[in-house]
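Architecture at a glance
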Amino acid sequence: MRSISVSLPVANLEVSAAFFAAVGFTVRLAADSARTACVVLDANVHVLLVDREQFQDSINGDSIGAEPAGQMLTSLSADSEQEVDDILARALAAGARPWPI
C-alpha cells in the first residue's frame, strides 16, 4: 500500500507540533533531528513539519521567506458531521482561525 507524506516548512517546530497534537493527532519527533516532526493523520498519511532552515537544505532554489507568500488549503475526511465539529473545536481551541462563510 502506498503512503502519502507532505513536507511543510514551519517557523516554530514546537508550536506547530503542539497545535497538531492539540487537534488530536499523533506527533512523532524525529529521533535523528530536533528540526523535524511527523504528524500522523492516518496509517499511510503523514505531514512532516520541517523547520525552515532544514526545509531549505532539502530543496533546489529558494523557499518562501519569513513572511507568508501563499496559501494552502488542507482537507481531512471525517466519518460524521459530529467528528467534523469535534476536530474544528479542537483546532480553534489550539489557535486556528475559522474560515469565513
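Quick summary incoming for the structure in this document. Starting from 1, residues in each chain are numbered consecutively following that chain's sequence as written. In keeping with the model being predicted, local features are shown solely for residues with a pLDDT of at least 70 and side-chain atom pairs are shown and tallied solely at 80 or more, while totals for entire chains, interfaces and linings include all residues. Hydrogens and water molecules were not included; the side-chain quantities draw on all heavy atoms of the structure.

Counting its secondary structure elements, the chain contains three helices and four strands. Going along the chain from the N terminus, every DSSP run of H or I of four or more residues is numbered as a helix, and every run of E of two or more is numbered as a strand. Shown N-terminal to C-terminal, the secondary structure of the chain runs as helices and strands in the order β-α-β-β-β-α-α. Counting over 101 residues, the chain shows a buried share of 22%. Accessible area of the chain: about 7700 Å², with a carbon and sulfur share of 54%. Remark: exposure states derive from per-residue accessible area (1.4 Å probe, protein chains only) relative to the maximum for the residue type, with buried under 20%, exposed over 50%, and partly exposed in between. Note on areas: Shrake-Rupley with a 1.4 Å probe; residue coverage comes only from the protein chains shown.

Next up on the list: the side chain of Asp51. Residue position: Asp51 is located in strand β4 (residues 45-51). Judged by its relative accessible area of 18%, Asp51 is buried. Contacts of Asp51, omitting those with residues within four sequence positions, involve Val10 and Arg35. Residues are treated as being in contact if the distance between any of their heavy atoms lies within 4.5 Å.

Bringing the sheet that holds strand β1 (residues 4-10) into the picture now. A pair of strands is considered paired only if DSSP assigns at least 2 bridges between the two. Spatially, the four strands line up as an open sheet ordered β1-β4-β3-β2, and their pairing is mixed. A strand with exactly one partner marks an edge of an open sheet, and here the two such strands are β1 and β2 (26-29). For this sheet the average axis-to-axis angle between neighbouring strands, irrespective of direction, equals 25°. Both β2 and strand β3 (residues 36-42) contribute to a ladder of four bridges, which runs antiparallel. Bridging across to β3, Leu29 finds its partner in Ala37. Fitted lines through C-alpha atoms serve as axes, helices being fitted only where they are in contact, and the angles separating the N-to-C directions of these axes extend from 0 to 180 degrees. Sheet strands touched by helix α1 (residues 13-23): β1, β2, β3 and β4. Its angle to β4, the strand with the most contacts, is close to 155°.

Moving on: the nonpolar core. Core analysis: the biggest nonpolar cluster contains 13 residues, and Leu13, Phe20, Val23, Phe25, Val39, Val47 and Leu49 have the highest contact counts within it. Contributions of two or more residues to this core are made by β1, α1, β3, β4 and α3 (81-93). Per-element tally for this core: the top contributor is α1, with four residues. For our purposes a nonpolar core is just a set of buried Ala, Val, Leu, Ile, Met, Phe, Trp, Tyr and Cys residues, chained together by side-chain atoms within 4.5 Å.

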